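Here is how the chains run, residue by residue.
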Amino acid sequence: MKKFLSIFMVFAICFSLVACGTTNNTSSGNTTNNGNTSTGETGGETTGDPLLIGTFQPLTGTNAEIGENQVNGQQLAINQINANGGLNGQMLEMITYDSQGVPEEAVKACQRLVEVDGIDFMMGDLISSNMLATGEYLNENKILTFGTGLSSTWMEQGWEYVWRACVNNGTTMPILAEKLIDMGVNSVGVLHGQDDANNTAYEVFAEKYEELGGTISTAETYVEGDSDFSGQIAKILNTNPDAVLLCSHSSIQGSFMRQLRSQGFLGLAMCKEPFTSADIELSGASSDNVAFIYPYVTYSTPDDCEDEQIKQFLIDYQAEFGKMPTHDCAYRGYDAMMALAEACTIAGTNETEAVMEALGTISDMDGLIGTLDFTQGDREGVHNATAGFVVLDGKYVDIDSWLADGGYDALKNS
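Rules behind the numbers
- Residues numbered from 1 in each chain as written.
- Predicted model: local features only at pLDDT ≥ 70, side-chain atom pairs only at ≥ 80, totals over all residues.
- Heavy atoms only, no water.
- Helix = DSSP H or I, 4+ residues; strand = E, 2+ residues; numbered from the N terminus.
- Pairing = 2+ DSSP bridges.
- Axes fitted to C-alpha atoms, helices over the stretch in contact; angles between N-to-C directions.
- Contact = heavy atoms within 4.5 Å.
- Core = buried A, V, L, I, M, F, W, Y, C linked by side-chain atoms within 4.5 Å.
- Buried < 20%, exposed > 50% of the residue type's maximum accessible area, 1.4 Å probe, protein only.

A. Focus on the environment of Asn413. Considering the arrangement of structural elements, one finds Asn413 in the segment after helix H14 (407-412). The spacing of Asn413 and Gly267 is 146 residues in sequence and 10.0 Å in space, taken between C-alpha atoms.

B. Fine view of the sheet that holds strand S9 (residues 215-222). Strand order in this open sheet of seven strands is S9-S8-S10-S11-S12-S15-S16, and the pairing throughout is mixed. Only two strands of the sheet have a single partner each, and these edge strands are S9 and strand S16 (395-398). Each strand axis lies, on average, 25° off the axis of its neighbour in the sheet, ignoring direction. Inspection of the sheet shows strand S8 (residues 187-193) paired to S9 by seven bridges, in the parallel sense. Bridging across to S9, Leu191 finds its partner in Glu220. Taken strand by strand, helix H6 (residues 196-211) contacts S8, S9 and strand S10 (243-247), and its axis lies near 165° from that of S8.

C. The nonpolar core, seen in detail. Residues Phe146, Phe256, Phe313, Tyr331, Met337, Leu340 and Phe374 are the most contacted members of the largest nonpolar core, which totals 76 residues. Take this core: its biggest share by element is eleven residues, from helix H11 (residues 329-347). Not counting residues within four places of it along the chain, the set of residues in contact with Leu340 comprises Ile53, Phe121, Met123, Leu144, Phe146 and Val355. One finds Met183, Val190, Leu245 and Leu268 within the second-largest nonpolar core, a separate group that totals 27 residues.

Here you go:
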């Protein structure tokens, strides 16, 4: 696996990301027909038909930037794999459609990738509701799929062809609840989305937090596309919570924190997902004392990162796309592609059943997220995600170090 991670970019890829819903004829290289895009330079002479990787992601709408990060991370992995000779004699080619962030479009895109384009493997949507809507279809058609949404729900359906190489909210949210109780945070006001990922994240957190003796002072909701949260924030602050928790997609985190701080709450705020470098840039000083439990973060420059593996990824990403990733979905997409590549390499074939069997034997793969282990029989690659961070002066600080240094005590007394 390390041989893939050490390769520098050799080929530049140019692709457009637009909505699906019309016909697309797939060919190797970059082809755009009727508003849909097939991406994937081969990096050398192919020995046969390309190995087709399908992906459907939100490339328009409120999560478009996150979707672009996801596709870029996958493409970076594909470029590196192809530059190293492909997989078992086949070069990889990615076909990308826009799910628009909604289940109906995700289903259309998914069906088209399978029935029209004839993809071999799938990199599924980062929106958990879209994975929940498409997983059964993918499983019935025996398409080995990596989803990258964080909800526990769609991975609990028993779909043997659907896997994950990133965090499960069912792991991180109870850890956050335990951390808050240990800190003496006795009440939390919550704003959460009503989609699968954000609603279940809240439910998992609340169950654990209340089990440990904490109180949810109020739980307010928002609708996808909302940008003004002043009403919900007022209701939350009227309950006088010790801390505020936001369970949302990353796209609203920065604006929510600005509104929260402007309404006078300067205490501990938390997010379900990492508070990204883009969120920090948007919210400025409002990002201070925002915390989260998550295994990695985004950075403004590669030099800000101390982890050598992630730093090399950031260098390669920036060289390939001319910018830094702004969301950890770039990491998620990269790790998923590399896990697929590792399984194909172990299997010595790109045949689905053999690749799945090999995937289930991987126990110590070095991913950007840390060690990936698929041997526990749940098709999950991550079972331990205890790292946490708090933002101070625009920088990420290890939350345990912050607590040990009296950071939270100082915040409470300020």
